[in-house]
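Secondary and tertiary structure notes
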Amino acid sequence: MGITKYQRSQCKSIVEKLTKLAISLPFQQKLTEKDGLPCQIHDIIERPMDLSIIKRNLDDGRYKSIQQWEQDMRLIWDNATLLYRPGTPIYAMAKDCIDWFDKQMESFSRSKSERWLVRFNKTHQKLQKLVDSYPGEKRSRSTEREIEESNAHIIKEENTISHSQERKVEVKNHEKSFNDVNLFDNIDDTPTTHNPSHYKAIIAEDPRGKEKKEELIELFPGL
């Protein structure tokens, strides 16, 4: 049993695409001395292969499997890399053909249903990229950053205000405690038991003592 009609059409499509590329020109017909062969091709190559032979085999239905067709395709470039040294134009073109063919085989479908799945996967990947690039998501992330920065600024201001209020309360409490202190709490009410110079020193050390100077003078006229 050979390959199906659909599979043969897929193989032909790939060959036709390749023949339209400039990199396939040396491999569309049998290599000759015009292609700069370093020696007789049969001295190195056991089975010569080119795209014209593959086209004919497809038309005649000679391929029994996809693998057999693929082997002949790769044989073209395997032969070229044996005949030509690295750095030569045909060697480089053979390598380019190999890369191109590998990509084609990644999406090669062996049936219509498989082809539909391949197309579906490609469409899904494109759609996913489109969804990932939606600008609304970027704006949302940017908005989140702006909100975070704004919240951080508000918290900083609240901490500053709170610290200021605590400082004011602390100052008020200090003033209150200072006002509640009686300069004469530790002074005996009996003037005769204390040295006037002692109270004079209190006045000099404590500015508030000056406000009470008149009271002290009444107690100690000699002050």
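No experiment lies behind these values; they were computed from the predicted model shown.

1. Considering the overall build of the chain
A count of helical and extended segments in the chain gives nine helices and zero strands. In the chain, which comprises 223 residues, the share counted as buried stands at 26%. Long-range contacts, defined here as pairs at least 24 residues apart, represent 66% of the contacts in the chain between residues at least 6 apart.

2. A look at the side chain of threonine 19
Looking at the secondary structure, you find threonine 19 in helix α1 (residues 5-19). Of the polar contacts made by the side chain of threonine 19, one reaches the backbone oxygen of glutamate 16; its length is 2.7 Å.

3. Section: α1
Helix length check: α1, at 15 residues, gives a terminal C-alpha distance of 21 Å against a target of 21 Å (1.5 Å per residue), a fit within 8%. Packed against the buried residues of α1 are α2 (51-60), α3 (66-83), α4 (89-106) and α5 (112-132).

4. Remarks on the confidence of the model for the chain
Model confidence for the chain is summarised by a mean pLDDT of 75, while 57% of its residues fall at 70 or above. Contacts for the low-pLDDT stretch residues 180-194, under 50 throughout, to residues beyond four places or in other chains number 19 contacts.

5. Side note on the nonpolar core
Phe27, Ile54, Leu58, Trp69, Met73, Trp77 and Phe101 are the most contacted members of the largest nonpolar core, which totals 30 residues. Taken together, the elements giving at least two residues each to this core come down to α1, α2, α3 and α4. In this structure, tryptophan 69 is in contact with Cys11, Ile14, Val15, Ile54, Leu58, Tyr63, Phe101, Met105 and Phe108, ignoring residues within four places of it in sequence.

6. Overview of the packing of α2 against α3
Across the interface, α2 lies against α3 with an axial gap of 10 Å and an inter-helix angle of 165°. In terms of orientation, α2 and α3 fall into the roughly antiparallel class. Judged by the twist between their axes, the crossing of α2 over α3 is right-handed. Mapping the contact onto sequence places Leu51, Ile54, Asn57 and Leu58 in α2 and Trp69, Asp72, Met73 and Ile76 in α3.

7. Considerations on the packing of aromatic side chains
On inspection of all chains with the given rule, the structure shows four aromatic pairs. Seen in terms of ring centroids, tryptophan 69 and phenylalanine 108 are 5.9 Å apart; in terms of plane orientation they differ by 25°. Their pairing is stacked. Here tryptophan 69, found in helix α3, pairs with phenylalanine 108, found in the loop between α4 and α5; they are 39 residues apart in sequence, far enough to count as distant. Comparing tryptophan 69 with phenylalanine 108 shows no difference in burial state: the two are buried. Where tryptophan 116 meets phenylalanine 120, the ring centres are 5.4 Å apart and the plane angle is 15°; that geometry is what we call stacked. Pair noted here: tryptophan 116 and phenylalanine 120 are both in helix α5, with a separation of four residues, about one helical turn.

Each value, and the rule that gives it
- Residues numbered from 1 in each chain as written.
- Predicted model: local features only at pLDDT ≥ 70, side-chain atom pairs only at ≥ 80, totals over all residues.
- Heavy atoms only, no water.
- Helix = DSSP H or I, 4+ residues; strand = E, 2+ residues; numbered from the N terminus.
- Buried < 20%, exposed > 50% of the residue type's maximum accessible area, 1.4 Å probe, protein only.
- Contact = heavy atoms within 4.5 Å.
- Polar contact = N/O pair within 3.5 Å; in protein donor to acceptor, adjacent residues only side chain to side chain.
- Expected span 1.5 Å × (residues − 1).
- pLDDT = per-residue confidence, 0-100.
- Core = buried A, V, L, I, M, F, W, Y, C linked by side-chain atoms within 4.5 Å.
- Axes fitted to C-alpha atoms, helices over the stretch in contact; angles between N-to-C directions.
- Parallel < 35°, antiparallel > 145°, perpendicular 65-115°, else oblique.
- Left-handed = near helix turned anticlockwise from the far one by under 90°.
- Phe/Tyr/Trp six-rings, centres within 6.5 Å; stacked < 30°, edge-to-face > 60°.

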